[in-house]
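What the coordinates show
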Amino acid sequence: LPDTKIQDLRKHLSKIYECYDELFKTIGALFKINPDNLLAILRSNKTDMFTTNYDIIVESYIKRTSNKFSDDRLFNDGSISEAWKISNFLNDDRRVRLFKLHGSIDQFKTEDGIVKTGQAERIGRLYGNEIKGEVMIYPVRENYLYTYPFHDLLDCFRDSISMSKFLICIGYSFRDGAINDLIADAMEFRKSKNAPDLILLLIDPKASEINQSRLKHLPKLKIVPIEMEFGEVGELHNKIKERGFIN
């Protein structure tokens, strides 16, 4: 790439990293952790991240942050030298866990299972095993709920929101029926246990419209629409503060 293009990409990444800095600092404030202490927030074991995106921006950000703090126990995205297994993933004690609900551009199927790497497309083989295919869902199909590893990942999502205090949704339009059904199941579970409402901070330029058309029927869900683009640095913390959730 030309030097000017590389510089533009670096500037773009830098802005994305600023947005994630702000997101984690806001999470820290929600749980009464000093928002200026990013390392303490990431080490607090408060964050499971679920994404339907295929890209590796989140991985890139947290690995960069891990290197910055020289802490290789901050992050678990399933990057291990053996085939990916949900049990290994869940039993790992790293603080931030990333679940790719629709797969990822760097996950591939081999004879031994699923392996996560950036090299497979180029070399065609992993650890001596032939690449059998990608681990991505496109377009979204309802029956993916019953296939591995997506069934296991979605179970983790349901279990997490069944017990969490906050759910922060960024740029998700609630068009995936499988995910929406799991949210409904989790809310019914909370209702059966007389648990407090789950506070859903819905961040999207059309947050109020999404709330009215797709979410109002769900029990045990306190929905807080926040109409903004994720990328407006400085706005997320202020908008959540305006609604009284942080000081």
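Read on for an overview of the structure.

Definitions and cut-offs
- Residues numbered from 1 in each chain as written.
- Predicted model: local features only at pLDDT ≥ 70, side-chain atom pairs only at ≥ 80, totals over all residues.
- Heavy atoms only, no water.
- Core = buried A, V, L, I, M, F, W, Y, C linked by side-chain atoms within 4.5 Å.
- Buried < 20%, exposed > 50% of the residue type's maximum accessible area, 1.4 Å probe, protein only.
- Helix = DSSP H or I, 4+ residues; strand = E, 2+ residues; numbered from the N terminus.
- Contact = heavy atoms within 4.5 Å.
- Axes fitted to C-alpha atoms, helices over the stretch in contact; angles between N-to-C directions.
- Parallel < 35°, antiparallel > 145°, perpendicular 65-115°, else oblique.
- Nonpolar A, V, L, I, M, F, W, Y, C, P; charged D, E, K, R; others polar.
- Pairing = 2+ DSSP bridges.
- Expected span 1.5 Å × (residues − 1).
- Phe/Tyr/Trp six-rings, centres within 6.5 Å; stacked < 30°, edge-to-face > 60°.
- Salt bridge = Lys/Arg side-chain N within 4 Å of Asp/Glu carboxyl O.

With that settled, consider the nonpolar core. It is characteristic of soluble globular proteins that their nonpolar side chains tend to be buried jointly. By size, the foremost hydrophobic cluster in this structure holds 29 residues, and its most contacted members are Tyr20, Phe24, Met49, Leu201, Ile240 and Phe245. Going through the elements one at a time, helix 1 (3–30), helix 2 (38–42), helix 3 (57–68), strand 3 (96–100), strand 10 (198–203), strand 11 (221–226) and helix 9 (235–242) are the ones with two or more residues in this core. Of all the elements, helix 1 adds the most residues to this core, at eight residues. Every residue in contact with Tyr20, bar those within four places of it in the chain, is listed here: Met49, Ile57, Val58, Tyr61 and Phe230. The next biggest cluster of nonpolar side chains, apart from the first, holds 26 residues, and it includes Leu154, Cys169, Leu218 and Leu221.

The subject of this paragraph is the packing of helix 1 against helix 9. One can describe the packing of helix 1 onto helix 9 by two numbers: an axis separation of 9 Å at closest approach and a directional angle of 25 degrees. When the interaxial angle is binned, helix 1 and helix 9 end up roughly parallel. Facing Glu22, Leu23, Thr26, Ala29 and Leu30 of helix 1, the residues of helix 9 in contact are Glu235, Leu236, His237 and Ile240. Tallied by class, the residues present in the contact of helix 1 with helix 9 amount to five nonpolar, two polar and two charged.

A word on the sheet that holds strand 11. Taking strand neighbours across the sheet as the criterion, the three strands line up as 9-10-11 in an open arrangement whose pairing is parallel. Looking along the sheet, the strands with just one partner apiece sit at the ends: strand 9 (166–170) and strand 11. Taken pair by pair, the neighbouring strands of this sheet meet at an average axis angle of 20 degrees, ignoring direction. With five bridges joining them, strand 9 and strand 10 adopt parallel strand pairing. From the neighbouring strand, Cys169 faces strand 10, where its bridge partner is Leu202.

Here we take up helix 7 (residues 177–192). A rise of 1.5 Å per residue sets the reference length of helix 7, with its 16 residues, at 22 Å; its end C-alpha atoms lie 22 Å apart and thus fit the reference within 8%. When helix 7 is considered as a whole, its buried residues turn out to be Gly177, Ala178, Ile179, Leu182, Ile183, Ala186, Met187 and Arg190. Of the surrounding secondary structure, the elements contacted by the buried residues of helix 7 are helix 6 (150–163), strand 10 and strand 11. Of the residues trailing helix 7, Asn194 is marked for its positive phi of about 55 degrees.

Turning next to unusual backbone geometry. Of note in this structure, Lys32 is not a glycine but carries a positive phi near 60 degrees. Secondary-structure assignment places Lys32 in the loop between helix 1 and helix 2. We note that Asn194 has phi near 55 degrees; this positive angle belongs to a residue other than glycine. Relative to the elements of secondary structure, Asn194 occurs in the loop between helix 7 and strand 10.

As enumerated under the stated definition, the model contains nine aromatic pairs in all. Note on Phe50 and Phe99: the rings are 4.5 Å apart at their centroids and 15 degrees apart in plane angle, and the pair reads as stacked. In this pair, Phe50 is assigned in strand 1 (residues 48–51) and Phe99 in strand 3, connecting sequence segments 49 residues apart. The class for Phe99 is buried, based on a relative accessible area of 1%. Arranged with centres 5.1 Å apart and planes meeting at 70 degrees, the rings of Phe50 and Phe157 form a pair that is edge-to-face. Here Phe50, found in strand 1, pairs with Phe157, found in helix 6; they are 107 residues apart in sequence, far enough to count as distant. Counting every residue linked through ring pairs, the aromatic cluster contains Tyr17, Tyr20, Phe24, Tyr61 and Phe230.

Okay, the pattern of salt bridges next. Applying the stated criterion to the full structure yields five salt bridges. Lys220 is paired through a salt bridge with Asp197; the nearest N and O atoms lie 3.3 Å apart. Separated by 23 residues along the polypeptide, Lys220 in the loop between helix 8 (207–215) and strand 11 and Asp197 in the loop between helix 7 and strand 10 bring together distant segments of the chain. Residue classification places Asp197 among the partly exposed positions, given a relative accessible area of 37%. Arg243 serves as the salt-bridge partner of Glu242, at 3.9 Å between the closest nitrogen and oxygen.

Scope: geometric values only; no functional claims are made or implied.
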